[in-house]
Amino acid sequence: MRFLQSINIFQKRKEPLYTPPERGQEDLFPFEAINMGQIPVEVRELLEKRRKDGSRLRNSVAKPWEEVLKVGPRDITTYIATHRLDFAESRMSHFVDLVSGKIAGEGALIYTEMLKNKYTPYPEGTSTTESDDYLRRGLGERRLALMYQYCKRTYGKSLYSGPSISYKARRLWQKLQKNGRAKAIDSLDYEGRNRFQFLK
């Protein structure tokens, strides 16, 4: 019975939506500048909510969008929208992934100009939609890889794990470290554990 159950689980496992490049290679993400009117309504509404919430939590006035990008088209399309924060001369970028026209995950990236030599930028948080259609299919790793390329393009900087991350996020960074895509650094998070730097 256990053997049959394991076969059924294997048969139900879906193909990855993202496959990382060969060891030592980098992803190539095509960034396209667009405007808000070119973003699907559902995504636009989510971005506006995240902009207002992210600003409010940091005691900042909601600033206008400074940059809007699209990464695609492939099986996954990602929209990226960036605005400034009053807090410590920061910029906040919101990432929303679409798979077959449906929102499959999102994340936010913080870059603080006053701390530009202190392991910034870093993900404020990332999440994949809690659905078997998207979980464990590589979207989390793709999102970090895309954030890394965005950081290189926009700030000339690498990407670091945040000062406070969830258990699942830390597991992902550890997986990246094992696969040669990240390394532990001297900076510690709020729990006294080493943070990570994305490599490629």
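Up top is the structure these notes are about.
In what follows, the accompanying structure is described.

Calculation criteria
- Every residue gets a number counted from 1 within its own chain, in the order that chain's sequence is written.
- In view of the model being predicted, local features appear only for residues whose pLDDT reaches at least 70, and side-chain atom pairs are presented and counted only at 80 or more, with totals across whole chains, interfaces and linings using the full set of residues.
- With hydrogens and water set aside, each side-chain value is computed from the structure's full complement of heavy atoms.
- Strands are runs of DSSP state E lasting at least two residues, helices are runs of H or I lasting at least four, and both sets are numbered from the N terminus onward.
- Between the two quantities, the radius of gyration covers C-alpha atoms and the globule rule is 2.2 Å times the number of residues to the power 0.38.
- Partly exposed residues are those whose accessible area sits between 20% and 50% of the maximum for their type, while under 20% is buried and over 50% is exposed, using a 1.4 Å probe and protein chains only.
- In what follows, a contact means two residues having at least one pair of non-hydrogen atoms within 4.5 Å.
- The Shrake-Rupley method, run with a 1.4 Å probe sphere, supplies the accessible areas, and residue values consider only the shown protein chains as cover.
- Under the convention used throughout, the expected extent of a helix is 1.5 Å for every residue step, that is, one less than its residue count.
- As used here, the arc is the angular range of directions from the helix axis to the C-beta atoms.
- Within 6.5 Å between ring centres, the rings of Phe, Tyr and Trp (the latter by its six-membered ring) count as paired, and their orientation is classed by plane angle as stacked under 30 degrees, edge-to-face over 60, tilted in between.
- Whether a charge sits over a ring comes down to the Lys NZ or Arg CZ being within 6 Å of the ring centre and within 35 degrees of the ring normal.

## Observations regarding the overall build of the protein
Turning to step 1, where the next piece is worked out: Per the secondary structure count, the protein includes four helices and eight strands.
Turning to step 2, where the next piece is worked out: Element order for the protein, N to C, with α for helix and β for strand: α-β-α-β-β-β-β-β-α-α-β-β.
Turning to step 3, where the next piece is worked out: Against the compact-globule benchmark of 16 Å for 200 residues, the protein has a radius of gyration of 17 Å, which places it among compact chains.
Turning to step 4, where the next piece is worked out: Across its three principal directions, the C-alpha atoms of the protein cover 60 × 40 × 30 Å.
Turning to step 5, where the next piece is worked out: Residues counted as buried form 46% of the 200 residues belonging to the protein.
Turning to step 6, where the next piece is worked out: Within the protein, contacts between residues at least 6 apart in sequence are counted, and of these 55% link residues at least 24 apart.
Turning to step 7, where the next piece is worked out: Total accessible area on the protein is roughly 11,600 Å²; 50% of this is exposed by carbon and sulfur atoms.

## Some remarks on the environment of valine 96
Turning to step 1, where the next piece is worked out: Here valine 96 lies in strand 4 (residues 90–99).
Turning to step 2, where the next piece is worked out: Sequence spacing of valine 96 and aspartate 53 is 43 residues, and the spatial spacing of their C-alpha atoms is 15 Å.
Turning to step 3, where the next piece is worked out: Residue contacts for valine 96: discarding those within four places in its chain leaves Val43, Leu46, Leu47, Thr77, Thr78, Tyr79, Ile103, Gly105 and Glu106.

## Description of helix 2 (residues 41–57)
Turning to step 1, where the next piece is worked out: The end-to-end C-alpha distance of helix 2 is 24 Å, a good match for the 24 Å that 17 residues give at a rise of 1.5 Å each.
Turning to step 2, where the next piece is worked out: The complete set of buried residues in helix 2 reads Val43, Leu46, Leu47, Arg51, Gly54 and Ser55. Within helix 2, the buried residues cover an arc of 155 degrees as seen down the axis, which keeps them to one side. Residues of helix 2 that are exposed and angled more than 90 degrees away from the buried face: Glu45, Lys52, Arg56 and Leu57.
Turning to step 3, where the next piece is worked out: Packed against the buried residues of helix 2 are strand 2 (65–71), strand 3 (76–85), strand 4 and strand 5 (102–112).

## Quick notes on the packing of aromatic side chains
The description of an aromatic ring pair rests on the distance of the ring centres and on the angle between the ring planes.
Turning to step 1, where the next piece is worked out: For the structure shown, the criterion picks out seven aromatic pairs.
Turning to step 2, where the next piece is worked out: Plain terms: the ring middles of tryptophan 173 and phenylalanine 198 are 6.3 Å apart, the flat faces sit at 80 degrees to each other, and that makes the pair edge-to-face. Placement of the pair is tryptophan 173 in helix 4 (residues 167–178) and phenylalanine 198 in strand 8 (residues 194–198), with a sequence separation of 25 residues.
Turning to step 3, where the next piece is worked out: For arginine 195, the ring lying beneath its charged end belongs to tyrosine 122, and the centroid distance is 5.7 Å.

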